[in-house]
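Below, each chain spelled out in residue letters.
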Amino acid sequence: MSPDLRFGVIGWPLGHTLSPAFQQAALDALGVPAVYRAVPTPPEDVEARVREARRGEWRGFNVTIPHKLRVAELVDWRTPAAERLATVNTVDARDGRLIGDNTDVEGFARALTEHGDFDPSGRRAVLLGAGGAGRAVAWALADLGVEHLTLANRRRERADALAAALAGQPLAVTSCGLADSVLPREVRYADLLVNATSLGMAGGPDSQAAPLPLPWLHDGLFVCDIVYRPAETPLLAHAQSIGCRVLGGLEMLVLQGAASLERWLGRPAPVGTMMVAARHALAASGA
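Rules and cut-offs
- Residues numbered from 1 in each chain as written.
- Predicted model: local features only at pLDDT ≥ 70, side-chain atom pairs only at ≥ 80, totals over all residues.
- Heavy atoms only, no water.
- Pairing = 2+ DSSP bridges.
- Helix = DSSP H or I, 4+ residues; strand = E, 2+ residues; numbered from the N terminus.
- Axes fitted to C-alpha atoms, helices over the stretch in contact; angles between N-to-C directions.
- Phe/Tyr/Trp six-rings, centres within 6.5 Å; stacked < 30°, edge-to-face > 60°.
- Buried < 20%, exposed > 50% of the residue type's maximum accessible area, 1.4 Å probe, protein only.
- Lys NZ or Arg CZ within 6 Å of the ring centre and 35° of its normal.
- 1 Å grid on protein atoms, 1.4 Å probe; cavity = no way out; pocket = protein on both sides within 12 Å on 5 of 7 lines; lining within 4 Å.
- Points joined across faces, edges and corners; volume = space filled by probe spheres on them.
- Nonpolar A, V, L, I, M, F, W, Y, C, P; charged D, E, K, R; others polar.
- Core = buried A, V, L, I, M, F, W, Y, C linked by side-chain atoms within 4.5 Å.
- Contact = heavy atoms within 4.5 Å.
- Parallel < 35°, antiparallel > 145°, perpendicular 65-115°, else oblique.
- Left-handed = near helix turned anticlockwise from the far one by under 90°.
- Disulfide = S-S within 2.5 Å.

Draft legend 1. Quick peek at the sheet that holds strand β7 (residues 124-128). Spatially, β9-β8-β7-β10-β11-β12 is the arrangement adopted by the 6 strands of the open sheet, whose pairing is parallel. A strand with exactly one partner marks an edge of an open sheet, and here the two such strands are β9 (172-177) and β12 (245-247). Shown here is a sheet whose adjacent strand axes are inclined to one another by a mean of 15°, direction ignored. Where strand β11 (residues 222-225) meets β12, 3 bridges bridge the pair, whose relative direction is parallel.

The following block contains the structure:
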């Protein structure tokens, strides 16, 4: 019997995605007659995917780099989470109407608190990277009550823009460049360090690089790297070696996907099943 529902993930390129492995495992565990697959989508084909969803060919799909901003412009309605981030990573197609949502904030917040067992409320945090992923992490930390957030980005103006977007939130924000002299001091006094850059990512611009000089780390830091391939990045390896508690990016990936599934199906996602499937798929990929 062929599946009744179709789900997927669009992006360009998509060779790295683990989403089909854990989303299909979840659908199967729930007994939902559906298929979830990766759909490599170059920029010129994004509107075609949206038209397919309007015609009912997709019940929903996830969106990854580089299409989150463009899809946000094409949906009929955006949730408050998608509005706040100005990006969409989840599309819910219902009767020809497309709802754009963003589950990255929820995914990071749950990963940090539930799997990292770290409460950032009242703490000082340093966030490296102010792109799409960095924006989600910053808003999650604001929601979780961080007291002071330092935003560092290669291009200082992007960190400044994110700091401006956070104006009005009940936290102090400092923005700087990754090479600015203020950053080592901010790391020294921080309780939490989050890498939201691609440095250290397998297949990225520099898979052996750390996003900052490793001697800056101290054993009082909780270190989170949202890169999930490899499972242990150079940053996490060094952090563990000096006694830091650490969290990789796989938990955020799975939990944002679980939140998407819950939007589509209106029922709890089998997170444990999804996590096991994701870990197996990551190990099978050699990461």
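Here the narrative resumes.
Draft legend 2. Quick peek at the packing of aromatic side chains. Scanning all chains against the criterion turns up 3 aromatic pairs. With a centroid separation of 6.4 Å and 40° between ring planes, the pair formed by Y36 and W264 is classed as tilted. Taken as a pair, Y36 in strand β2 (residues 34-40) and W264 in helix α10 (residues 250-265) lie far apart in primary sequence, 228 residues in all. By relative accessible area, W264 is classed as buried at 2%. An aromatic cluster is defined as three or more aromatic residues linked by ring pairs; in this entry it consists of F7, Y36 and W264. Over the ring of W58 we find R6, and its NZ or CZ is 4.0 Å from the ring centre.

Draft legend 3. The layout of surface pockets, seen in detail. In this structure, the largest pocket occupies an estimated 1500 Å³ of space. Considering the residues around the largest pocket, the lining is formed by 47 residues, among which I65, A133, A196, S198 and M201 are closest to the centre. Put simply, the parts of the chain that give the lining of the largest pocket at least two residues each are β3 (60-63), α3 (68-74), α6 (132-143) and α10. The biggest single contributor to the lining of the largest pocket is α6, with 5 residues. Residues of the lining of the largest pocket, tallied by class, amount to 22 nonpolar, 18 polar and 7 charged.

Draft legend 4. Up close: the nonpolar core. With 61 residues, the main nonpolar core has F108, L141, L149 and L151 as its most contacted residues. Among the elements that take part in this core, α10 stands out by supplying 8 residues, more than any other. Setting aside residues up to four positions removed in sequence, L151 forms contacts with L127, A138, A159, L162, A163, L166, V173, T174, S175 and C176. Counting 17 residues, the second largest nonpolar core, distinct from the first, contains A53, A72, L74 and A82.

Draft legend 5. Spatial organisation of the packing of helix α5 (residues 104-115) against α6. Relative to each other, α5 and α6 sit at 60°, their axes nearing to 8 Å. In terms of their interaxial angle, α5 and α6 are classed as oblique. Remark: the crossing between α5 and α6 carries right-handed chirality. Side by side, α5 and α6 meet where D104, V105, F108, A109 and L112 of the first sit next to A136, V137, W139, A140, L141 and D143 of the second. Class assignment of the residues belonging to the contact of α5 with α6 gives a composition of 9 nonpolar, no polar and 2 charged.

Draft legend 6. Representation of the state of the cysteines in the model. All chains considered together, the criterion is met by 0 disulfides. Free cysteine: C176, not disulfide-bonded; nearest cysteine sulfur from C224 at 18 Å. Not engaged in a disulfide, the cysteine C224 finds its nearest cysteine sulfur in C244; these two sulfurs lie 13 Å apart.

Draft legend 7. Focus on the sheet that holds β3. Here we have 6 strands laid out as an open sheet, ordered β2-β1-β3-β5-β6-β4, and mixed in their pairing. Every interior strand has two partners, whereas the edge strands, β2 and β4 (77-78), have only one. One ladder, built from 7 bridges, connects strand β1 (residues 5-11) with β2; its direction is parallel. From the neighbouring strand, G11 faces β2, where its bridge partner is P40. Of the strands in this sheet, β1, β2 and β3 touch helix α1 (residues 19-30), which is tilted by about 170° from β2. The strands that helix α2 (residues 46-54) touches are β1, β2, β3, β5 (90-94) and β6 (97-101); relative to β6, the one it contacts most, it runs at about 120°.

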